[in-house]
Amino acid sequence: ALLCALFAAPALVAPLVAQRPDAPPPVGAHPGAHRGDPGARLLRGITLTPDQQRQVEAWRAARAAERDSLVAAMRAQRQGSAPRVRPDSATMAARRDEARTRMQANTQALRAILTPDQQATFDANARELATRATERMGRWGRRGGGQPPR
């Protein structure tokens, strides 16, 4: 009975750990994956006024709605298709360009909420994040981040 309890304990505890907001990412999760608040890293060290906080919340809500609609569109596309086929390199390049353009527009919309002094801190945070991303790409390949190759 004790042996069964030892083996069953992880299965019983795992759902509880997954529900904690401060829990670490699940085993195997991409360590570089975005977690939590979009834009939080860019806003580090910036104190927002109440009006700016409302604008940032609206920005976050718009980002969430955009993300949800993109995910829904991708799911709908997959459900109606035959077995999944890997897109060609031109299609993938177009998708990357579209994602990059969308990310830049969203970043500029967030930056526009800030005062010039706050924008200087924002820009420094953005440079730091870009440097870290470049370092990850150099360490683990073009896509960067994640675990080292096995």
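Residues numbered from 1 in each chain as written. Predicted model: local features only at pLDDT ≥ 70, side-chain atom pairs only at ≥ 80, totals over all residues. Heavy atoms only, no water.

Student: Explain the overall build of the protein here, please?
Tutor: Per the secondary structure count, the protein includes four helices and zero strands. What you see in the protein, going N to C, is helices and strands ordered as α-α-α-α. Burial statistics for the protein: of 150 residues in total, 13% are counted as buried. Approximately 11700 Å² of the protein is accessible, and the part contributed by carbon and sulfur atoms is 60%. (Helix = DSSP H or I, 4+ residues; strand = E, 2+ residues; numbered from the N terminus. Buried < 20%, exposed > 50% of the residue type's maximum accessible area, 1.4 Å probe, protein only. Areas by Shrake-Rupley, 256 points an atom, 1.4 Å probe, with all protein chains shown as cover.)

Student: Explanation requested: the confidence of the model for the protein in the structure shown.
Tutor: Interpretation of this model should avoid reading the predicted coordinates in detail wherever pLDDT is low. Looking at the protein as a whole, its pLDDT mean stands at 75, while 65% of the residues score no less than 70. Within the protein, no element has a lower average pLDDT than helix α1 (residues 2-19), which sits at 45, and none a higher one than helix α3 (residues 89-111), at 91. Across residues 2-22, where pLDDT falls below 50, the model places one contact with residues more than four positions away in sequence or in other chains. Here residues 24-34 is modelled with pLDDT under 50, and outside its nearest four sequence neighbours on either side it reaches eight contacts, counting other chains as well. (pLDDT = per-residue confidence, 0-100. Contact = heavy atoms within 4.5 Å.)

Student: Even after reading the chapter, I still don't get α3, so can you show me in this structure?
Tutor: Each α-helix turn comprises 3.6 residues. Residues three or four places apart therefore point the same way. Between the first and last C-alpha of α3 there are 32 Å, a value that for 23 residues agrees with the 33 Å anticipated at 1.5 Å per step. A distance of 3.3 Å separates the backbone nitrogen of alanine 90 from a side-chain oxygen at the start of α3, and that oxygen is part of aspartate 88. (Expected span 1.5 Å × (residues − 1). Polar contact = N/O pair within 3.5 Å; in protein donor to acceptor, adjacent residues only side chain to side chain.)

Student: Explain the nonpolar core here, please?
Tutor: Nonpolar side chains tend toward joint burial in soluble globular proteins. Residues Leu42, Leu43, Ile46, Leu48, Val56, Trp59, Leu110, Ile113, Leu114 and Phe122 constitute the largest nonpolar core, which totals 10 residues. Setting aside residues up to four positions removed in sequence, leucine 110 forms contacts with Gly39, Leu42, Leu43, Val56, Trp59 and Phe122. (Core = buried A, V, L, I, M, F, W, Y, C linked by side-chain atoms within 4.5 Å.)

Student: How should the pattern of salt bridges be read in this particular structure?
Tutor: When their charged atoms lie close together, side chains carrying opposite charge are able to pair. What the rule picks out here adds up to nine salt bridges. In this structure, glutamate 57 and arginine 60 form a salt bridge, with 2.4 Å as the shortest nitrogen-oxygen distance. Of this pair, glutamate 57 and arginine 60 both sit in helix α2 (residues 50-79), three residues apart, which is roughly one turn of the helix. Taking the relative accessible area as the measure of exposure, arginine 60 reaches 18% and is therefore buried. Between glutamate 66 and arginine 102 there is a salt bridge, with its nearest N and O atoms 3.7 Å apart. Of this pair, glutamate 66 sits in helix α2 while arginine 102 sits in helix α3, and the two are 36 residues apart along the sequence. (Salt bridge = Lys/Arg side-chain N within 4 Å of Asp/Glu carboxyl O.)

Student: When you look at the side chain of asparagine 106 in this model, what are you seeing that I'm missing?
Tutor: Inspection of the secondary structure assignment puts asparagine 106 in helix α3. Setting aside residues up to four positions removed in sequence, asparagine 106 forms contacts with Trp59, Arg63 and Glu66.

Student: Looking at this structure, how should I read the packing of α2 against α3?
Tutor: Two quantities define a packed helix pair, namely the angle between the helix axes and the distance between the axes. One can describe the packing of α2 onto α3 by two numbers: an axis separation of 10 Å at closest approach and a directional angle of 165°. The orientation of α2 with respect to α3, classified from their angle, is roughly antiparallel. Read as a crossing pair, α2 and α3 show a hand that is right-handed. In this structure, α2 uses Val56, Trp59, Arg63, Glu66 and Leu70 to contact α3, whose residues at the interface are Arg102, Asn106, Ala109 and Leu110. (Axes fitted to C-alpha atoms, helices over the stretch in contact; angles between N-to-C directions. Parallel < 35°, antiparallel > 145°, perpendicular 65-115°, else oblique. Left-handed = near helix turned anticlockwise from the far one by under 90°.)

Student: In this structure, what is going on with α2? I would like to understand it.
Tutor: Taking 1.5 Å as the rise per residue, α2 with 30 residues should run 44 Å; its terminal C-alpha atoms sit 43 Å apart, in good agreement. Along α2, the residues that are buried comprise Gln52, Val56, Trp59 and Arg60.

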